4 protein chains.
Amino acid sequence: MSDIKKVVLAYSGGLDTSVILKWLQETYQCEVVTFTADLGQGDELEPAKEKAKAAGVKEIFIEDLKEEFVRDFVFPMFRANTIYEGEYLLGTSIARPLIAKRLIELARKTNADAISHGATGKGNDQVRFELGAYALNPDIKIIAPWREWNLLSREKLLQYAEKNNIPVEMKHKNGGSPYSMDANLLHISYEGRHLENPGAEPEEDMWRWTVSPEKAPNESETIEIQFNKGDPVSINGKTMKAHELLATLNQIGGKHGIGRLDLVENRYVGMKSRGCYETPGGSILLKAHRAIESITLDREVAHLKDDLMPRFASLIYNGYWWSPERLALQTLMDHTQNNVNGWVRLKLYKGNVSVIGRDSATDSLFDTSIATFEDDGGAYDQKDAAGFIKLNALRMRIAAKIKK
Amino acid sequence: MSDIKKVVLAYSGGLDTSVILKWLQETYQCEVVTFTADLGQGDELEPAKEKAKAAGVKEIFIEDLKEEFVRDFVFPMFRANTIYEGEYLLGTSIARPLIAKRLIELARKTNADAISHGATGKGNDQVRFELGAYALNPDIKIIAPWREWNLLSREKLLQYAEKNNIPVEMKHKNGGSPYSMDANLLHISYEGRHLENPGAEPEEDMWRWTVSPEKAPNESETIEIQFNKGDPVSINGKTMKAHELLATLNQIGGKHGIGRLDLVENRYVGMKSRGCYETPGGSILLKAHRAIESITLDREVAHLKDDLMPRFASLIYNGYWWSPERLALQTLMDHTQNNVNGWVRLKLYKGNVSVIGRDSATDSLFDTSIATFEDDGGAYDQKDAAGFIKLNALRMRIAAKIKK
Amino acid sequence: MSDIKKVVLAYSGGLDTSVILKWLQETYQCEVVTFTADLGQGDELEPAKEKAKAAGVKEIFIEDLKEEFVRDFVFPMFRANTIYEGEYLLGTSIARPLIAKRLIELARKTNADAISHGATGKGNDQVRFELGAYALNPDIKIIAPWREWNLLSREKLLQYAEKNNIPVEMKHKNGGSPYSMDANLLHISYEGRHLENPGAEPEEDMWRWTVSPEKAPNESETIEIQFNKGDPVSINGKTMKAHELLATLNQIGGKHGIGRLDLVENRYVGMKSRGCYETPGGSILLKAHRAIESITLDREVAHLKDDLMPRFASLIYNGYWWSPERLALQTLMDHTQNNVNGWVRLKLYKGNVSVIGRDSATDSLFDTSIATFEDDGGAYDQKDAAGFIKLNALRMRIAAKIKK
Amino acid sequence: MSDIKKVVLAYSGGLDTSVILKWLQETYQCEVVTFTADLGQGDELEPAKEKAKAAGVKEIFIEDLKEEFVRDFVFPMFRANTIYEGEYLLGTSIARPLIAKRLIELARKTNADAISHGATGKGNDQVRFELGAYALNPDIKIIAPWREWNLLSREKLLQYAEKNNIPVEMKHKNGGSPYSMDANLLHISYEGRHLENPGAEPEEDMWRWTVSPEKAPNESETIEIQFNKGDPVSINGKTMKAHELLATLNQIGGKHGIGRLDLVENRYVGMKSRGCYETPGGSILLKAHRAIESITLDREVAHLKDDLMPRFASLIYNGYWWSPERLALQTLMDHTQNNVNGWVRLKLYKGNVSVIGRDSATDSLFDTSIATFEDDGGAYDQKDAAGFIKLNALRMRIAAKIKK
């Protein structure tokens, strides 16, 4: 291990990665470069800078990646109406490949020979970081301290911190949040402790981004989202950049108690785990995107997308964002979005997102003259249906005749 | 056409099928047998009997099919978490194959040589009735009056009714409901008229089974559903028959404003159409079923089901319930449900269905000793993850090396 | 029907389309434009011109479409290793969309309001022609004489021909070929008559393009095909245009008795039918394409393609070449072919096509240093496999523990 | 490691597993139980018994598993027409789960706490053995010597053998076969050495089970195979047990030069590898099974099977035979085979397997009265096709109209 000279660490400034920073310096006798990304998690990044400096780090990178994150990762994922296991909007999964990419780019820039991260050996995030990193630089060395060290309990971690003069905030001394959390512009997640019993309800004060539906306003709110090539571009007529738009949806959705989720999911490493998620903006977006597709997308294209979506979701969940198969599927998904232009009107009320209208001036495939229950003036010949049914039934009729 | 001697008509007693009854007698000079099924649509069936009698029908069948409908059609469909186009719970689609089956059985019983129904030539229902009928009896003759006659406007229909002394209720004279509706224990649907503009919101007074979330109680309600082999068997500890259970969920769900849906869907006959649906019990059930599967189903089995679900949904939507491919898929779906046993707790509140707990005494695959964020005492060796990631990354690393 | 003024007919010059030409003139009192395409079927086209002239046709189009056919239809299809129902190389199916496209283009050019073709009402070709035509021009009128007229037996057809002075060659008078045939650069097909008994072997003298393996040379022949972005570009170092290359493969393959196929397939219109096919060049090409992909394509991309291939094949077989879903899938397939560059060596001998070597100077993912059974000097750490297996087994171990 | 007291070793009696036997005794100071299975590989098993005895083994199991192997593993796999990556018939993959099962059963029987095998850390077989074992006994310990020891070159292995008085046959001293081989009733495989260059042709004298097509008889041979519920049950009217039937097909196929394959495949552990295979009986069987399905299987069921087949093949290739998802898919596959009854006639000649007839007295879905090119007397109404095409085209026409 002594051949590692410089390592880029994904550094949040929190206790865990502060301990890792020190542990890397000690264990590998190497230089550590810190990389702290603003993905909209809501933390101030200045303290991370100060702490890194205090730990003797010479190369400190603090980056605002919010726009890139939403534009190049979140939105492409939503083009496929991506949900994992019927419910999870992949808020954590989709942030990892961007961090992996920046770690590799910074390693190249700083001539580092390794990268490191604070994900544990039981979770999906280690896989996502590392598959991404290997795909982008096959020769990179990766240090995953949680798989190497023996600080496997919180107590040992605190002891190590104190012994090494790493500032431990009061909340950690007191046990801190009972939950393991992750946040970015798409979501905030909770795992661990009280949630490890899948039969038990989460405590109300766990949730941070959304009010409960009970506490949401008694008045509904209606918004209109405009889509261009499958991506949302404006809210109520106001055009916004990708990350601004998602932040706005988060704010509105959170206010109305939208986007809470409590589920048991299947991790790629083989175990089931309980997670709670708040995805206010994403929940609105998924509903809206399906609605705009419903009038602009061809039936068979929509069904093809639906058939492929679970596979696409698994690829992202499992960390294969940078794989050739995700790129191939993305090509297909993107291709289908060319005509996905138009607007969707939604009513938000105490946890509910309801589509109440959708249309497209340029690309609607909804043909009222044909769909009408009224006389259509010959636009559709009902007699065609007889032949359609007859031929579709033919194979079953032949089979039924034989059975007789 | 003169070779048709007796026809079994799916008869609701409403205006349309009353006109059809007369039209069949006139056009085909044949005897008509009426079949009226109680699928939980909420209409009284006695008037249908009286009307049929008055029209000279000698063989009148009125049947309560509620239990069979829910037990043998709705629940098998829910085992697959079936949704069409990401949203529609297939309430109409799933009732048609049962009616087709009974039409064929009654034709056999009454020595009829044909069946008839009131579905139009533009919709999916004609396909569902007829594909089902042909699959069950390849030699059956099918009369679809809407594809044959020239009563294509409501006005002409009313004229025909009046000319033939078919009682027309006041509501029809006044134009009646502005919507084309269908109801059974799973749902009630609305199409047509005001909904033919996909950009316009449905009027609040259209909805019949659910209150609006706004009018739902201010207090949430918690229920617990028990599952046995993937089917719900009790609510709050009270065991019920399939149709009773669904009726109970409808009542609870409707009270809490659950299960409204407004969408544009793709019909099998090739056009897009706007539909609004109320599926209170089904919406609760889908959520609950996914939750019980989340702790009892193997990951890859769950993903296999998710991959096949859209296809399964299309088969049902398109009318292929009695096809060999639906039966083959059902075999797989049913096989996966053997271990889907346990309970789910849900909170219902103003349109929201939230899972707040799930467990299985016999079949939980949730292994706390492994999933824990705390020290697991060696149940899981984090070092295994390194090899897991390395080999999963191998093909991408080799590719990346070549690109270099 | 009198509103049709000019119709473009897909005209081969043979008996059937000559009768159709006359029948159109008579029945619709309209002008007929003939379109005869050289797709490599091997017929001389001059007689078609003469016959059309003799029938009073003023606008006669004779076109050599061989290059476009192979380059823009056959090769894109082969990029997906497309086979229908495990065996059929889609020789007929892939030619129809090109003809449909030209019919529509010529209708536009000649201001015709309809098109017509000689496909029967039982086959797939009518579907392929007409779906293609409708997709490209939604307002086109289509006349399918076989579905309209009453010349449903060969005898009636001959009578009509004689009555109308349509020259009937001796072979037709004698009953002609016992088979219904179709040919183009990709294949020649046989259906009907003796083949309608699926238990009976075709007669040896039916086959036209290939010698029997028994009669093929006693010496094998080795060829090398070079691929560029998934398409073959040269044989034995000689660069050729798409259609020249396929013609060359046909000649070589035919000589060696390669590419005969005898099968029962499922038609889109609902029946099973027996078909015999000769696809000498295509059979070589499929084998070669899979071989070049085997060293240049990522595993998961290859598997994704294999999973989607049967669907892609059905789309082409069923006539959906011009559909948005085929285009979406083609986008994916094409995207995957960027790295499919290299050569394949094949041995041809008495019906056998054997790959005996394959490599890519630029894109091989075959890494001998890792794959070797010898000491690899640390390129691959065998210990990684332990963790890989352990985590892949985890979910099954947890389940097995519960069953205990 | 000292806690292992008894280990069941999959023992062939060859050099590698003889070294492993000694190494286990030495390294783990444990008792070794040997298990040698006859899967039709063609080796005599008596020497394995003698060698085990000589090595001090007290519990020696020699078992004839040929019938179970073909009946319960090979035939269920062929019901799905299973091929991996378009070409490989999975001869090695399908034998491993049976061995894994017997290892676990013998461990239980002999109170052993571990099992061991001779598969290397680079291949798929370690995965297949171990996933199977873990699925069947989650607590089993597995020793994979090739991942633990340092005998990574052939030279070291030979030194170890000589030092420990393990008899080394002359062929090994001379370098032995240049290939790594595996054989059972389904196939024999070759990997390594000369084959590690994917551009080089295998030497003719490598092949052991088949003559070259060149050396096969100049006379073709015709055989008829009868199927019952998708499994072959007789050849030329002679009913045989599963393993006898496959052995017979191997003998016939081998004589006619059938079933050689040379390919580059993608291993589950992430690398590409070159393999050559001889599968004479299996190649005949696949062709015959597809042929009998072609007349007895419904189109959509056949397509469903084709869509799922690559996934099914990957599961078997990757070692997931004992997984719940393979079992779920098998349920579906088996269900579809109920009507797959009838006979297939095949011509075998110099490497070619040609279907020349197929029929089913009880389950043929081939309806000549409908499929005929002659007048069908009204069995099929060609006019139905017009409506069929019109409605299938509708969505594309609507889209085309909008583009205009």
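Cut-off values and rules
- Residues numbered from 1 in each chain as written.
- Chains lettered and ligands numbered in written order.
- Predicted model: local features only at pLDDT ≥ 70, side-chain atom pairs only at ≥ 80, totals over all residues.
- Heavy atoms only, no water.
- 1 Å grid on protein atoms, 1.4 Å probe; cavity = no way out; pocket = protein on both sides within 12 Å on 5 of 7 lines; lining within 4 Å.
- Points joined across faces, edges and corners; volume = space filled by probe spheres on them.
- Helix = DSSP H or I, 4+ residues; strand = E, 2+ residues; numbered from the N terminus.
- Patch = residues over 30% accessible without salt bridge, like charges linked within 9 Å, V, L, I, M, F, W, Y side chains within 5 Å.
- Areas by Shrake-Rupley, 256 points an atom, 1.4 Å probe, with all protein chains shown as cover.
- Salt bridge = Lys/Arg side-chain N within 4 Å of Asp/Glu carboxyl O.
- Lys, Arg positive; Asp, Glu negative; His and termini not counted.
- Charge placed at Lys NZ, Arg CZ, Asp CG, Glu CD.
- UniProt positions renumbered as here; feature names shortened; annotations may be inferred.
- Least-squares fit on C-alpha atoms with pLDDT ≥ 70 in both.
- Contact = heavy atoms within 4.5 Å.
- Pairing = 2+ DSSP bridges.
- Axes fitted to C-alpha atoms, helices over the stretch in contact; angles between N-to-C directions.
- Domains from an automatic or database assignment.
- Phe/Tyr/Trp six-rings, centres within 6.5 Å; stacked < 30°, edge-to-face > 60°.
- Buried < 20%, exposed > 50% of the residue type's maximum accessible area, 1.4 Å probe, protein only.

Re empty space enclosed by the protein
Counting across every chain of the model gives 16 cavities of 30 Å³ or more. Each pocket or cavity is described by its volume, and for the second largest cavity that value is around 210 Å³. Surrounding the second largest cavity, 20 residues form its lining, R290, E293 and S294 of chain C together with E85 and V264 of chain D being those nearest its centre. For the lining of the second largest cavity, the secondary structure elements donating two or more residues are α10 (280-296), α11 (299-318) and β14 (352-359) of chain C together with β11 (260-266) of chain D.

With respect to a negative patch on the surface
On the surface, a cluster of negative charge is made up of D43, E44, E46 and E50 of chain A. Structurally, the position occupied by E46 of chain A is in helix α2 (residues 46-54).

Observations regarding the UniProt feature "domain: Arginosuccinate synthase-like N-terminal" (unreviewed entry) in chain A
Residues given the UniProt feature "domain: Arginosuccinate synthase-like N-terminal" (unreviewed entry) here are residues 6-167 of chain A. With 48% helix and 15% strand, the stretch residues 6-167 of chain A has end C-alpha atoms that lie 24 Å from each other.

Describing the relation of the copies chain D and chain C
Least-squares fitting of chain D to chain C yields an RMSD of 0.0 Å, with the transformation described by 0.0 Å of translation along the axis and a rotation of 180°. The relationship between the two copies is best expressed as a two-fold rotation axis. Of all interface residues in chain D, 100% are interface residues in chain C too; the two copies therefore contact each other through one and the same surface.

With respect to the sheet that holds strand β7 (residues 188-191) of chain C
All names here are of chain C. Spatially, the four strands line up as an open sheet ordered β6-β7-β12-β11, and their pairing is antiparallel. In this open sheet, the two edge strands, each paired with only one partner strand, are β6 (180-183) and β11 (260-266). With direction set aside, neighbouring strand axes in the sheet form an average angle of 25°. Two strands pair when backbone bridges link them, and β6 and β7 are joined in this way by four bridges, in the antiparallel orientation. Bridged to M181 within β7 is Y190.

Examining the relation of the copies chain B and chain C
The transformation that overlays chain B on chain C combines an axial shift of 0.0 Å with a rotation of 180°, and the residual RMSD is 0.0 Å. A share of 100% of interface residues in chain B that are also interface residues in chain C marks the association as one of identical surfaces.

With respect to the side chain of R147 of chain D
Residue position: R147 of chain D is located in helix α6 (residues 145-148). With near-sequence residues (within four places) excluded, R147 of chain D lies in contact with Q382, K383, A385, A386 and I389 of chain C together with G121, Q126 and E130 of chain D.

Things to note about the domain arrangement of chain A
By the assigned domains, chain A splits into domain 1 (6-66 + 91-178) and domain 2 (368-403). The centre of domain 1 of chain A, based on its C-alpha atoms, is set 62 Å off from the matching centre of domain 2 of chain A.

Regarding the packing of aromatic side chains
Under the criterion given, the structure shown has 50 aromatic pairs over all chains. Here the aromatic rings of Y179 of chain B and Y190 of chain B are separated by 6.1 Å at their centres, their planes lie at 80°, and the arrangement is edge-to-face. Taken together, the residues span a long stretch of sequence, with Y179 of chain B in the loop between α8 (170-173) and β6 (180-183) and Y190 of chain B in strand β7 (residues 188-191) at a distance of 11 residues. Looking at Y179 of chain B, the relative accessible area reads 9%, which means it is buried. For Y190 of chain B, a relative accessible area of 0% gives the class buried. Plain terms: the ring middles of W23 of chain C and W149 of chain C are 5.6 Å apart, the flat faces sit at 90° to each other, and that makes the pair edge-to-face. With W23 of chain C in helix α1 (residues 15-28) and W149 of chain C in the loop between α6 (145-148) and α7 (154-163), this residue pair connects regions lying 126 residues apart in the sequence.

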